[in-house]
Amino acid sequence: MNIAGMTAEKSYLNRRKALGITVRRLEFNPKAIKRHYFANSPLMSHFLTALSSTFPVGEQFFVNSVRNVRDKVSDPQLQAQIAAFIGQEAMHSKAHGEFNEAWRRDDYNLDSFQNWLNERDKYLRTIPPKLQLALTCAFEHFTALLGGYVLQHPELLKTLDEDALKLWVWHAIEEIEHRSVAFDVYQHVYGDDRIRRLLMRSVTTGFASLAFYGTTRLFWQDKWNSLPKIGGNLFGLYLLMKMLVQLMPEYFAYYKKDFHPSQKDYGRMVNYWKSSLAEEYQMASFEQEKDQRLS
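Note that the coordinates shown come from a computational prediction; the quantities given were computed from them, not determined experimentally.

K.L.:
Now, about unusual backbone geometry: what can you tell me, with residues and values included?
P.N.:
Backbone geometry at asparagine 40 places phi at a positive 55°, although glycine is not the residue there. If you trace the backbone, asparagine 40 turns up in the loop between helix H1 (3-13) and helix H2 (42-67). Residue asparagine 40 is classed as partly exposed on the basis of its relative accessible area of 40%. Positioned with a positive phi, glutamine 282 is a non-glycine residue whose angle comes to about 50°.

Right, dumping it as structure tokens:
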């Protein structure tokens, strides 16, 4: 091996490891997931599918917003966290891309919605890097809120199709793991809480509009199958309203002067689901983690 190769290898071996962030591959079969996969509730299922359709574009934007300023980060440990964040987001984008691809049908068209997202993404990449990163901080707060809510309601998750459960629980765990990375990068490079809070207001209305538009669009495309399931739709509406009310305190915590994403402890539920995915669902990446903890 030449000197350059030895240097590169040594640098790789000496690279710091991320703390609490593990990049995992997901093993699941998106084609096995039925359309109304959440408790036979069309409304709740369409809501989750609408979110899924935004992830390939959105998570690539998050990665790029962090990469834009990565060379300004002097802390080696934060650099390691960034690398793991990028790895996890890449896996999320890939998995949801596979899920979305499996659902492309004549009566369930995600393409026009995703084309609109692509155009929006092109525009957002023209705004200053500081604002891009502030947007990412806000969106990451939302994904952590939703991920935490998902993990804290195992009785609801048990109603999911098995492959749908694997997708959403795996994603939720990793959103919790890397929820602080974009925030810590923003604070390290800019530390401007006024702009961070201001952008959260814009993201709140944008996220709500996006979720409503995507859900209603998919529901209407599927109306002949969705409308007859009145009980399932009422149950889904109840769950969405309940979730909105229960997440309000955690959402508003973002505006506090001393806010940090790690302040809420999800450790017990994350460990519960890691063990469940390893033991009950035999997901290889979680089985390996369990073996490593026990060795």
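K.L.:
Any chance you could break down the packing of aromatic side chains for me, citing the residues and the numbers?
P.N.:
All told, the structure shown has 15 aromatic pairs when counted by the stated rule. With a centroid separation of 6.1 Å and an interplanar angle of 90°, the aromatic rings of tyrosine 37 and phenylalanine 99 are classed as edge-to-face. Of this pair, tyrosine 37 sits in the loop between H1 and H2 while phenylalanine 99 sits in helix H3 (residues 76-102), placing them 62 residues apart in sequence. Taken as a pair, tyrosine 37 and phenylalanine 99 share a single burial class, namely buried. With centroids separated by 4.7 Å and ring planes inclined at 10°, the aromatic side chains of phenylalanine 142 and phenylalanine 207 adopt a geometry described as stacked.

K.L.:
Tell me about the layout of surface pockets, and please be specific about residues and values.
P.N.:
Left-over empty space is what a probe sized like a water molecule reveals as it rolls over the atoms. If you add up the space inside the largest pocket, you get close to 900 Å³. What lines the largest pocket is a set of 41 residues, among which Leu51, Thr54, Phe139, Phe207 and Leu210 lie closest to the centre. If you list the elements that add at least two residues to the lining of the largest pocket, you get H2, helix H4 (111-124), helix H5 (129-151), helix H6 (154-157), helix H7 (162-177) and helix H9 (193-221). The element that contributes the greatest number of residues to the lining of the largest pocket is H2, accounting for 11 residues. Among the residues making up the lining of the largest pocket, the classes are represented as 28 nonpolar, 9 polar and 4 charged. Roughly 600 Å³ of internal volume is contained in the second largest pocket. Phe47, Phe207, Ala208, Met243 and Leu244 are, among the 20 residues lining the second largest pocket, the residues nearest its centre.

K.L.:
Provide a residue-level description of the UniProt feature "transmembrane region" (unreviewed entry) in the protein chain, including the pertinent values.
P.N.:
Per the UniProt record, the feature "transmembrane region" (unreviewed entry) sits at residues 198-215 and 235-254. The span residues 198-215 carries 100% helix and 0% strand; its end-to-end C-alpha distance comes to 26 Å.

K.L.:
So what's going on with the side chain of arginine 197? Which residues, and what values?
P.N.:
Relative to the assigned elements, arginine 197 resides in helix H9. Summary of buried charges: arginine 197 has no salt-bridge partner, and the nearest side chain of opposite charge, aspartate 193, is 4.2 Å away. Engagement of the side chain of arginine 197 in a polar contact is seen with the backbone oxygen of tyrosine 255, the distance being 3.0 Å. With near-sequence residues (within four places) excluded, arginine 197 lies in contact with Tyr254, Tyr255, Lys256 and Lys257.

K.L.:
I'd like to hear about empty space enclosed by the protein, residue by residue, with values.
P.N.:
In the structure shown here, the tally under the stated rule is 1 cavity of 30 Å³ or more. Within this model, the largest cavity holds a volume of roughly 30 Å³. Every element with two or more residues in the lining of the largest cavity is listed here: H2 and H9. Class assignment for the residues of the lining of the largest cavity results in 6 nonpolar, 1 polar and no charged.

K.L.:
Summarise a nonpolar patch on the surface; cite the residues concerned and give the values.
P.N.:
Residues Leu237, Met241, Leu244, Met248 and Phe252 make up a contiguous nonpolar surface patch of roughly 460 Å² in combined accessible area. Relative to the elements of secondary structure, phenylalanine 252 occurs in helix H11 (residues 230-252). When its relative accessible area of 47% is taken as the criterion, phenylalanine 252 is described as partly exposed.

What counts as what
Residues numbered from 1 in each chain as written. Predicted model: local features only at pLDDT ≥ 70, side-chain atom pairs only at ≥ 80, totals over all residues. Heavy atoms only, no water. Helix = DSSP H or I, 4+ residues; strand = E, 2+ residues; numbered from the N terminus. Buried < 20%, exposed > 50% of the residue type's maximum accessible area, 1.4 Å probe, protein only. Phe/Tyr/Trp six-rings, centres within 6.5 Å; stacked < 30°, edge-to-face > 60°. 1 Å grid on protein atoms, 1.4 Å probe; cavity = no way out; pocket = protein on both sides within 12 Å on 5 of 7 lines; lining within 4 Å. Points joined across faces, edges and corners; volume = space filled by probe spheres on them. Nonpolar A, V, L, I, M, F, W, Y, C, P; charged D, E, K, R; others polar. UniProt positions renumbered as here; feature names shortened; annotations may be inferred. Lys, Arg positive; Asp, Glu negative; His and termini not counted. Salt bridge = Lys/Arg side-chain N within 4 Å of Asp/Glu carboxyl O. Polar contact = N/O pair within 3.5 Å; in protein donor to acceptor, adjacent residues only side chain to side chain. Contact = heavy atoms within 4.5 Å. Patch = residues over 30% accessible without salt bridge, like charges linked within 9 Å, V, L, I, M, F, W, Y side chains within 5 Å. Areas by Shrake-Rupley, 256 points an atom, 1.4 Å probe, with all protein chains shown as cover.

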